[in-house]
Amino acid sequence: MSPLLDNKTAVIYGGGGAIGGAVARVFAREGASVFIAGRTRAKLDAVARDIAAAGGTVETAQVDVHDQAAVEKHAKEVAAKAGGIDIALNAVSVPHDQGTLLADLSLEEFMRPVDGFLRTLFITSKAVAGHMGGERPGVILTLSEPGSKMAAGGILGHSVSAAGKEAFSRVLAAELAPRNIRVVCIRPHAVVDAPAAGSYTKDLFKPMAEASGQSVQEMLEDGGMVQGTLLKRLPTLAEIAETAAFLASDRAGAMTGTIANLSAGALVD
């Protein structure tokens with residue numbers, strides 16, 4: 001069988017991060033020309049070296065995704081070079097609070113994930129959408145979390161931002177469908193091997209792990225989040241990346257305006 005993404009052009013924002021890097025490597029393996037963008041040059045270069053060593057095609061760009069003009073300029077340059085953009089993924093991370101109840105939560109802490117995630121999602125989606133669609137189908141992939149459905153104390157900003165990302169994806173799919181652009185949201189859980197890959201979740205989960213007398217890795221392998229899933233485990237970076245490649249491919253061409261639940265069956269609905 002031919003590669004899933006043969007002759008596709010993919011832009012990954014946050015491409016030097018744990019999820020973004022994993023997806024970039026798989027996209028390149030599946031034949032895509034990958035353009036990874038982010039703020040940290042060293043992380044982007046590390047992913048690019050892996051892709052190049054495996055024979056893939058990759059270019060890097062140091063771009064702050066909070067800078068709308070810079071993101072639009074980069075997207076325009078990619079489209080000019082490749083003749084358009086086929087796939088885009090926003091895998092940008094926004095460090096935020098989890099565990100603080102309303103009484104002690106500041107407005108700034110509440111708004112940090114809401115504004116951070118949704119602002120970058122708007123900026124990147126707007127930048128790439130103008131270079132997609134028509135005779136060249138486009139796919140925009142977004143990332144969410146089970147927090148979008150959870151009712152639990154201490155995750156107010158996190159849950160609101162996750163629900164907002166899913167609503168954004170659903171409504172954007174309706175708007176862009178007539179232009180032959182699909183939008184699919186991927187909802188993983190905490191990713192078991194992400195901290196070892198340099199994810200910010202290592203610091204995010206540290207207070208919760210210490211409160212339970214565990215290391216972050218122990219918590220992710222056998223903690224409460226694990227027990228709250230049907231499969232009694234958490235997803236891996238490889239599972240997210242492989243699923244993203246399928247969703248971005250023409251084989252998933254009938255999927256849009258929906259959520260791919262990769263939470264290992266998190267009991268949240």
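Small disclaimer: the values here were computed from a predicted structure and weren't measured. Residue positions are given per chain, counting from 1 as you read along its sequence in written order. Local features in this predicted model are restricted to residues whose pLDDT is 70 or higher, and side-chain atom pairs enter the listing and the counts only when it is 80 or higher, whereas totals over whole chains, interfaces and linings include all residues. As a rule here, side-chain values cover all heavy atoms of the structure and leave hydrogens and water aside.

Undergrad: How do you make sense of helix α5 (residues 156–176) when you look at a structure like this?
TA: Three or four residues apart is the spacing at which side chains of an α-helix point the same way, because the helix has 3.6 residues per turn. An ideal rise of 1.5 Å per residue puts 30 Å on 21 residues; α5 measures up with 30 Å between its terminal C-alpha atoms. In the core, the buried residues of α5 are packed alongside α4 (107–129), β5 (138–143), β6 (181–188) and β7 (258–262). In DSSP terms, a helix is any run of H or I states spanning at least four residues, a strand is any run of E spanning at least two, and both are numbered starting from the N terminus. A helix is expected to span 1.5 Å multiplied by its residue count minus one. Any pair of residues with heavy atoms lying within 4.5 Å of one another is described as a contacting pair.

Undergrad: Could you clarify how one ought to interpret the packing of helix α3 (residues 68–82) against α4 in this entry?
TA: Axis angle and axis distance: for two packed helices, these are the angle between their axes and the distance between the axes, and together they describe the pair. Between α3 and α4, the shortest axis-to-axis distance is 9 Å and the interhelical angle comes to 30°. Regarding the angle of α3 to α4, the classification is roughly parallel. Judged by the twist between their axes, the crossing of α3 over α4 is right-handed. Two secondary-structure elements touch here, α3 through Gln68, Val71, Glu72 and Ala75 and α4 through Phe122, Ile123, Thr124, Lys126 and Ala127. In this classification, the charged set is Asp, Glu, Lys and Arg, the nonpolar set is Ala, Val, Leu, Ile, Met, Phe, Trp, Tyr, Cys and Pro, and all remaining amino acids, among them Gly, are polar. Considered class by class, the residues forming the contact of α3 with α4 number 5 nonpolar, 2 polar and 2 charged. Only the contacting stretch of a helix is used when fitting its axis, a line to C-alpha atoms as for every element, and angles between N-to-C directions run 0 to 180 degrees. Any angle from 65 to 115 degrees is called roughly perpendicular, while one under 35 is roughly parallel, one over 145 is roughly antiparallel, and all others are oblique. In this scheme, a crossing is called left-handed if the near helix is turned counterclockwise away from the far one by less than a right angle; it is called right-handed if the turn is clockwise.

Undergrad: Sorry if this is basic, but what is going on with the pattern of salt bridges here?
TA: Pairing of side chains with opposite charge becomes possible as their charged atoms draw close. A side-chain nitrogen of Lys or Arg and a carboxyl oxygen of Asp or Glu constitute a salt bridge if their distance falls within 4 Å. Inspection of every chain in the model, using the stated rule, returns 13 salt bridges. Between Asp250 and Lys8 there is a salt bridge; the shortest N-O distance is 3.1 Å. Note that Asp250 is positioned in the loop between α10 (237–248) and β7 and Lys8 in the segment before β1 (9–13), a separation of 242 residues in sequence. Between buried and exposed lies partly exposed: a residue is buried under 20% and exposed over 50% of the maximum accessible area for its type, with that area taken using a 1.4 Å probe on protein chains only. By relative accessible area, which is 13% here, Lys8 ends up buried.

Undergrad: Help me out: how do you make sense of the pairing of strand β2 (residues 33–38) in this one?
TA: A regular strand carries its side chains on alternate faces of the sheet. When you tally the buried positions in β2, you get 5 out of 6 residues, the bulk of the element. Strands are treated as partners if at least two bridges between them are detected by DSSP. Note: β1 against β2, 5 bridges, orientation parallel. Paired with Ile12 across the strands is Ile36, a residue of β2. Here the term right-handed applies to a crossover when the path leading from its first strand over the helix to its second strand runs clockwise, the strands being oriented away from the viewer. Handedness of the crossover is the feature at issue here: the chain leaves β1, passes through helix α1 (residues 18–29), returns alongside β2, and the resulting connection is right-handed. Summarising the sheet, β2 and strand β3 (residues 57–62) pair through 6 bridges and their orientation is parallel. What sits directly across from Ser33, in β3, is Thr57. In this fold, β2 hands off to helix α2 (residues 41–53), which returns the chain to β3; that crossover is right-handed.

Undergrad: Hey, could you run me through the packing of aromatic side chains in this one?
TA: Each pair of aromatic rings is reported with the distance of its centres and the angle of its planes. By convention, a stacked pair of Phe, Tyr or Trp rings (six-membered ring in the case of Trp) has centres within 6.5 Å and planes under 30 degrees apart, an edge-to-face pair has planes over 60 apart, and any other such pair is tilted. Within this structure, the stated rule accounts for 0 aromatic pairs. Above the plane of the ring of Phe117 lies Lys165, whose end atom (NZ or CZ) is 3.8 Å from the centre. By definition, being over a ring means that NZ of Lys or CZ of Arg is both within 6 Å of the ring centre and within 35 degrees of the ring normal.

Undergrad: Would you explain the packing of α1 against α10 in this entry?
TA: Contact pair α1 / α10: the axes reach a minimum separation of 8 Å and the direction vectors enclose 50°. As judged from the angle between their axes, α1 and α10 are oblique. In this structure, the crossing between α1 and α10 has a hand that is right-handed. For the pair formed by α1 and α10, the contact residues are Ala18, Ile19, Ala22, Val23, Val26, Phe27 and Arg29 on the first element and Leu237, Ile240, Ala241, Glu242, Ala244, Ala245 and Ala248 on the second. Along the lines of polarity and charge, the residues of the contact of α1 with α10 split into 12 nonpolar, no polar and 2 charged.

Undergrad: Looking at this structure, I do not really get the sheet that holds β3. What am I missing?
TA: Whenever strands of a sheet pair, they do so through backbone hydrogen bonds, lying parallel or antiparallel. Taken in spatial order, the 7 strands of this open sheet run β3-β2-β1-β4-β5-β6-β7, and their pairing is parallel. Two strands close off the open sheet at either side, each with one partner strand: β3 and β7. For this sheet the average axis-to-axis angle between neighbouring strands, irrespective of direction, equals 20°. Together, β1, β2 and β3 form the strand contacts of α3, whose direction differs from that of β1 by roughly 160°. Helix-sheet contacts for α4 involve β1, β4 (87–90), β5 and β6, and the interaxial angle to β4 is about 170°.

Undergrad: What am I meant to see in unusual backbone geometry here?
TA: Among all residues except glycine, the phi angle is most often negative; among peptide bonds, the trans geometry is most common. In this structure, Asn180 takes a positive phi of about 65° despite not being glycine. For Asn180, the position within the fold is in the loop between α5 and β6. Overall, Asn180 belongs to the partly exposed group, its relative accessible area being 34%. Residues other than glycine seldom take positive phi values, yet Ala264 does so here, at roughly 60°. Counting through the fold element by element, Ala264 comes out in the segment after β7.

Undergrad: How do you make sense of the environment of Ser169 when you look at a structure like this?
TA: Assignment of secondary structure puts Ser169 in helix α5. Distance in space between the C-alpha atoms of Ser169 and Ser144 is 9.7 Å, their sequence separation being 25 residues. Contact partners of Ser169, with chain neighbours within four places excluded, come to Thr142, Val183 and Cys185.

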